[in-house]
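Summary of structural features
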Amino acid sequence: MKNKKSIVFLGYGEFPYGFAEVQKIILISKSLIISNNKVTVICRNGYHNSSERPNLNRSGVYENINYIYASGSVFRNKNFLRRRINHVKGRINEILLLRNYKKRKELDYAILSTRNFYSIVYYSILSKLFKFKTILNYVEYYSAMEKGKFQISKKINDTLFDRLAPSISDAVFPISEFLIEQTKRVSPYKNYLKIPGLTDFDNYKGIETLNIEKYFLFCGHAAYKEIIYFIIDSYSLLKSNSVKLYLVINGDQEDLNSIKEYALMKDPSKKINIYSKLSQKELFTYYYNALALLIPLRPTFQDIARFPHKTGEYLASGNPVISTNYGEVKNYFTDGENMLLAEAYDIYLFAEKMEYAISNPQEVKEIGLKGKNVAIKLFDYRYKAQEIDDFLNSVLTD
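Residues numbered from 1 in each chain as written. Predicted model: local features only at pLDDT ≥ 70, side-chain atom pairs only at ≥ 80, totals over all residues. Heavy atoms only, no water.

Details of the sheet that holds strand 9 (residues 215-221)
Judged by pairing direction, the sheet is parallel, and its six strands sit side by side in the order 11-10-9-12-13-14 without closing on themselves. Edge strands, defined here as strands with exactly one partner in the open sheet, are strand 11 (272-275) and strand 14 (340-342). Direction aside, neighbouring strands of the sheet carry axes that sit 25° apart on average. The pairing of strand 12 (residues 292-295) with strand 13 (residues 321-324) spans three bridges and is parallel. The residue of strand 13 that forms the bridge with L294 is I322. Packed onto the sheet, helix 7 (residues 253-266) meets strand 10 (244-250) and strand 11 and runs at close to 170° relative to strand 11. Docked against the sheet, helix 10 (residues 309-316) engages strand 9, strand 12 and strand 13, running at close to 150° with respect to strand 9. (Pairing = 2+ DSSP bridges. Helix = DSSP H or I, 4+ residues; strand = E, 2+ residues; numbered from the N terminus. Axes fitted to C-alpha atoms, helices over the stretch in contact; angles between N-to-C directions. Contact = heavy atoms within 4.5 Å.)

And the structure:
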């Protein structure tokens, strides 16, 4: 059995900068590199904004992870015809890259990070052609995600994905118990390894304690307006006015404007602060200095199936996390011991946990530290390295 393996990530269009999916790719890659493996992320086309990432090269190395944009550009071209040309160029060059990697014996596995079912089929065909194993990075129950009334093609794609993608792939990285059960339903004998929301505790190195006002903090995408409104509504119920609410939100400007209007309507005194486009250091500084970090989960298939990446980042700060008793959170944490958990997705119950954090700062600090200890044992990417490496070895021999 050869020791060093070569792994490529396929299907995702942004690297090394982006949101939760990019961070998961980075942390799995770092786990693989610890075990002396080589990792390359192939992005078929670029989707970055040239004004935000002007110095990003089409290929390079990020934290020992190789990456390349097959189309030759990391940016989304504003011209429709040029975008079509780049799309074709990216698809052709991606095939050529895979062929060259295989010729050099630098292609053993492809980890597929995409929501597109047809891409899973496409990469599975390429895997047969170039003789490499495919592993599905399964992070959402896509069938349960809210879609517009006329998004028929997306509904078909998501249904096909959940019903067929695990069986088409050689192995699966499900993120939750729910997705493990889904994998077993559609492919009972499929080889899988559960990989939860991994975390890099080094993000807090050099972060300073600030002597500032007390605040609760939520970080998320503006598309999750329902959850953001839930937090604002819960906050508006608090009897104490001594603690602010910080919302760190990125996303569509129209959604951001709606959230700002709603916050102002609910809180005319302007104790709700909204931030966007923070640097990583700024973000982790806010995490590190918060009274408590908020991440309510809904009793929906979507939230029960996923494991939000920021859960691990929150926990690594050592501060208490307030959530609801559903899904993966319920599998790992206990209310009052290592997390504060509202028993239901209810603004009054959630507000009670926020009130408890205000009234019992010493007790909840202990809860936060215990939550961090759980995260160190279960979510630190270093602790997963050997398990992931052994799993890949077992897939190669199947």
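Once the structure has been displayed, the description carries forward.
Side note on the environment of I28
Of note, I28 is situated in helix 1 (residues 20-34). The exposure class of I28 is buried, given its relative accessible area of 0%. Separated by 170 residues in sequence, I28 and L198 have C-alpha atoms that sit 7.7 Å apart. Beyond its immediate stretch of four places on either side in the chain, I28 contacts F9, I111, N137, F173, I195 and L198. (Buried < 20%, exposed > 50% of the residue type's maximum accessible area, 1.4 Å probe, protein only.)

Some words on the side chain of K30
Topologically, K30 is positioned in helix 1. Those residues in contact with K30 that sit more than four places away from it in its chain are E63, I65, D200 and Y381.

Observations regarding the packing of helix 6 (residues 225-236) against helix 7
It is at 10 Å that the axes of helix 6 and helix 7 come closest, and there the two elements cross at 15°. Classified by the angle between their axes, helix 6 and helix 7 sit roughly parallel to one another. With respect to the hand of their crossing, helix 6 and helix 7 are arranged in right-handed fashion. Contacts between helix 6 and helix 7 involve K225, I228, Y229, I232, D233 and S236 from the first element and D255, S258, I259, Y262, A263 and K266 from the second. Across the contact of helix 6 with helix 7, the residue classes break down as six nonpolar, two polar and four charged. (Parallel < 35°, antiparallel > 145°, perpendicular 65-115°, else oblique. Left-handed = near helix turned anticlockwise from the far one by under 90°. Nonpolar A, V, L, I, M, F, W, Y, C, P; charged D, E, K, R; others polar.)

Brief notes about the pattern of salt bridges
Under the definition given, this model contains 22 salt bridges. For the salt bridge of E94 with R44, the shortest nitrogen-to-oxygen distance reads 3.1 Å. With a gap of 50 residues between them, E94 in helix 2 (residues 80-103) and R44 in the loop between strand 2 (38-43) and strand 3 (59-62) connect regions that are remote in the sequence. Taking the relative accessible area as the measure of exposure, E94 reaches 0% and is therefore buried. Taking relative accessible area as the criterion, R44 reaches 12% and is therefore assigned buried. Residue E213 is joined to K244 by a salt bridge in which the shortest nitrogen-to-oxygen separation is 3.7 Å. Of this pair, E213 sits in the loop between strand 8 (191-192) and strand 9 while K244 sits in strand 10, and the two are 31 residues apart along the sequence. When salt bridges with common partners are traced through the structure, they connect K30, E63, D200, D202, K205, D380 and R382 into a single cluster. (Salt bridge = Lys/Arg side-chain N within 4 Å of Asp/Glu carboxyl O.)

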